[in-house]
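The primary structure of each chain is shown beneath.
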Amino acid sequence: MIQQIYPQVIHPFRYELNKDMQIAAAHFIPHEAAGQCANLHGHTYFINITVAGDELDDSGFLINFQQLKKLIHNRFDHTLMNDHTDVFSNTQAEHFPTTEVVARKIAEIVQQHLDTLPNKPTCVQVFVRESPTSYVVYRPKAGKQ
Ligand SMILES: [Zn+2]
């Protein structure tokens, strides 16, 4: 069960789709300033992905909900984020698997897929809740991730 209120993103598109998913994953932040977060530990991430666009595809979809789940949930659920060295880094801070970076990477992975679709939707927001009291919102800027 995933029920919560999400921050709204302002965009110029006609359609907006939101996909919720829940991912159980472990991570650690390889930096001394991370304190206890430098130790390996797990979270149940609550993720909301917002995709918007003006055009639908041949099936009447902006994007198939299942496709979003495949892209993100199937890739990261029950894994150690730090092991995904094609996505995250244990030496470069801008690629550490912090909640901020996890949100940005999800947006990048989703947008890469959206770019292959004929109706060209846009990922306008990724919300990642790491705990009951902490969450991050990532909004790609126009023209860059
Ligand atoms: Zn953590």
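Residues numbered from 1 in each chain as written. Predicted model: local features only at pLDDT ≥ 70, side-chain atom pairs only at ≥ 80, totals over all residues. Heavy atoms only, no water.

**Q** Looking at this model, I keep getting lost on the environment of Gln125. Mind explaining?
**A** Its place among the elements puts Gln125 in strand E4 (residues 122-131). For the pair Gln125 and Gln8, spaced 117 residues apart in sequence, the C-alpha to C-alpha distance is 8.8 Å. Each residue touching Gln125, except ones within four places of it in the same chain, is listed here: Pro7, Gln8, Val9, Asn48, Ile49, Thr50, Val137, Tyr138, Arg139 and Pro140. A polar side-chain atom of Gln125 sits 2.9 Å from the main-chain carbonyl oxygen of Pro7. (Helix = DSSP H or I, 4+ residues; strand = E, 2+ residues; numbered from the N terminus. Contact = heavy atoms within 4.5 Å. Polar contact = N/O pair within 3.5 Å; in protein donor to acceptor, adjacent residues only side chain to side chain.)

**Q** Can you help me understand the packing of aromatic side chains in this one?
**A** Here the distance between the centres and the angle between the planes together describe a pair of aromatic rings. The tally for this structure, following the rule as stated, stands at three aromatic pairs. Ring pairs connect the aromatic residues Tyr6, Phe127 and Tyr135, which therefore count as one cluster. (Phe/Tyr/Trp six-rings, centres within 6.5 Å; stacked < 30°, edge-to-face > 60°.)

**Q** How should I be thinking about the coordination of the zinc ion in this particular structure?
**A** Where a metal carries four tetrahedral donors, each ideal angle is 109.5 degrees; where it carries six octahedral donors, the ideal angles are 90 or 180 degrees. Summarising the metal site, the zinc ion is bound by the protein donors His27 (NE2), His41 (NE2) and His43 (NE2), whose distances to it range over 2.0 Å. Mapping the donors of the zinc ion onto the primary sequence yields the spacing H-x13-H-x1-H. Taken together, the residues span a long stretch of sequence, with His27 in strand E1 (residues 15-27) and His43 in strand E2 (residues 41-53) at a distance of 16 residues. You'll find His27 and His43 in the same group, each marked buried. (Donors = N, O, S within 2.8 Å, 3.2 Å for Na, K, Ca; no water. Buried < 20%, exposed > 50% of the residue type's maximum accessible area, 1.4 Å probe, protein only.)

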